[in-house]
Amino acid sequence: VTIHNDYRFDYTPPVINGVSRNGMVYTLNGVDKDEGGLWSTVTVVKAQIKLTPSAGGAPLTIDHTSYLPDPVSGKQFTIDLSKATIPDGTYSVQAVLTDNFGNVTTQDLDPITVDLSPPEVTLLRDGAPSSDGKFTSLSSLSFRTSEPASSVSVRVVGGPKAEKFSVPSAVRTDCSLS
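Residues numbered from 1 in each chain as written. Predicted model: local features only at pLDDT ≥ 70, side-chain atom pairs only at ≥ 80, totals over all residues. Heavy atoms only, no water.

Caption draft 1: View of the overall build of the protein chain. Scanning the protein chain from terminus to terminus reveals zero helices and 14 strands. With 178 residues in all, the protein chain has 31% of them scored as buried. Entry remark: accessible area of the protein chain is about 11,500 Å², with carbon and sulfur atoms responsible for 52%. (Helix = DSSP H or I, 4+ residues; strand = E, 2+ residues; numbered from the N terminus. Buried < 20%, exposed > 50% of the residue type's maximum accessible area, 1.4 Å probe, protein only. Areas by Shrake-Rupley, 256 points an atom, 1.4 Å probe, with all protein chains shown as cover.)

Spelled out as structure tokens, the structure:
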């Protein structure tokens, strides 16, 4: 009796053929090719986005949420970061593909900033925070935002006209009404 065993090993990492981003959704195209030509079971099985906080701390890894076969680029993986819990901050971003033999390839992507916290608005009377929210004139009313805002709307209630003001504040965080 003669027993023939043909053991083959795949040491070739997958290839990232393309990455696109639309908001918080990344699409990775990946393929893995066996160098030997007879091995048809090598395939990309996992796509991930790795976020490393620029302020330090442990990286976050988000797995793909879906994939589609693509006859040209292998598989098209979707990774939706909005379905993950990601703290506010700036992150370096890396695309990661893994094949079924554990070979890994990475590609550095552009950094992102996650800011899901609404800005805080502090009303000021004569430059100091107002504890009671009452103002004697519009000239004494101002506000401060915790971060630059494209627009802030202040509604004055109790005045003769219940005026509404929209004050652009794209660069400044301190605004006065007059």
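Caption draft 2: Region of interest: the sheet that holds strand β8 (residues 104–114). Judged by pairing direction, the sheet is antiparallel, and its four strands sit side by side in the order β4-β3-β7-β8 without closing on themselves. The open sheet has two edge strands with one neighbour each: β4 (60–63) and β8. Across the sheet, the mean angle separating the axes of adjacent strands is 25 degrees when strand polarity is ignored. Bridging between strand β7 (residues 89–99) and β8 involves nine bridges; their strand directions are antiparallel. Along β8, the bridge assignment pairs Gly89 with Val114. (Pairing = 2+ DSSP bridges. Axes fitted to C-alpha atoms, helices over the stretch in contact; angles between N-to-C directions.)

Caption draft 3: Quick peek at the side chain of Gln48. Looking at where Gln48 falls in the secondary structure, it is placed in strand β3 (residues 44–53). A relative accessible area of 12% means that Gln48 is categorised as buried. At 2.7 Å, the side chain of Gln48 and the side chain of Asp63 are in polar contact. Excluding residues that lie within four positions of it along the chain, Gln48 makes contacts with Leu28, Thr61, Ile62, Asp63, Ile79, Gln94, Ala95 and Val96. (Polar contact = N/O pair within 3.5 Å; in protein donor to acceptor, adjacent residues only side chain to side chain. Contact = heavy atoms within 4.5 Å.)

Caption draft 4: Region of the structure containing the side chain of Asp99. Relative to the helices and strands, Asp99 is located in strand β7. Lys46 provides the closest opposite charge to the buried, salt-bridge-free Asp99, at an N-O distance of 10 Å. A distance of 2.9 Å separates a polar atom in the side chain of Asp99 from the backbone nitrogen of Asn103. (Lys, Arg positive; Asp, Glu negative; His and termini not counted. Salt bridge = Lys/Arg side-chain N within 4 Å of Asp/Glu carboxyl O.)

Caption draft 5: Structural detail: the nonpolar core. Core analysis: the largest hydrophobic core is formed by 19 residues, its most contacted members being Tyr26, Leu28, Ile49, Leu51, Ile79, Leu81 and Ile112. When residues no more than four places from it in sequence are discounted, the contact partners of Ile49 are Tyr26, Leu28, Leu60, Thr61, Ile62, Ile79, Leu81, Val93, Gln94, Ala95 and Leu109. (Core = buried A, V, L, I, M, F, W, Y, C linked by side-chain atoms within 4.5 Å.)

Caption draft 6: Broad picture of the environment of Ala95. When you line up the elements, Ala95 lands in strand β7. Distance in space between the C-alpha atoms of Ala95 and Thr61 is 9.8 Å, their sequence separation being 34 residues.

Caption draft 7: How the structure looks around the environment of Ser82. Topologically, Ser82 is positioned in the loop between β6 (74–80) and β7. Each C-alpha atom, one on Ser82 and one on Met24, is 5.8 Å from the other, the two residues being 58 residues apart in sequence. Side-chain polar atoms of Ser82 contact the side chain of Asp80, separated by 2.6 Å.

Caption draft 8: Here's a closer look at the pairing of strand β9 (residues 121–125). Bridging between β9 and strand β11 (residues 141–145) involves five bridges; their strand directions are antiparallel. In the strand pairing of β11, Thr122 is matched with Arg144. In terms of strand pairing, β9 meets strand β10 (residues 128–129) through two bridges, oriented antiparallel. The partner of Leu124 across the bridge, within β10, is Pro129. Taking the residues between adjacent antiparallel strands as the criterion, β9 and β10 are bridged by two residues, where Asp126 takes a positive phi near 50 degrees.

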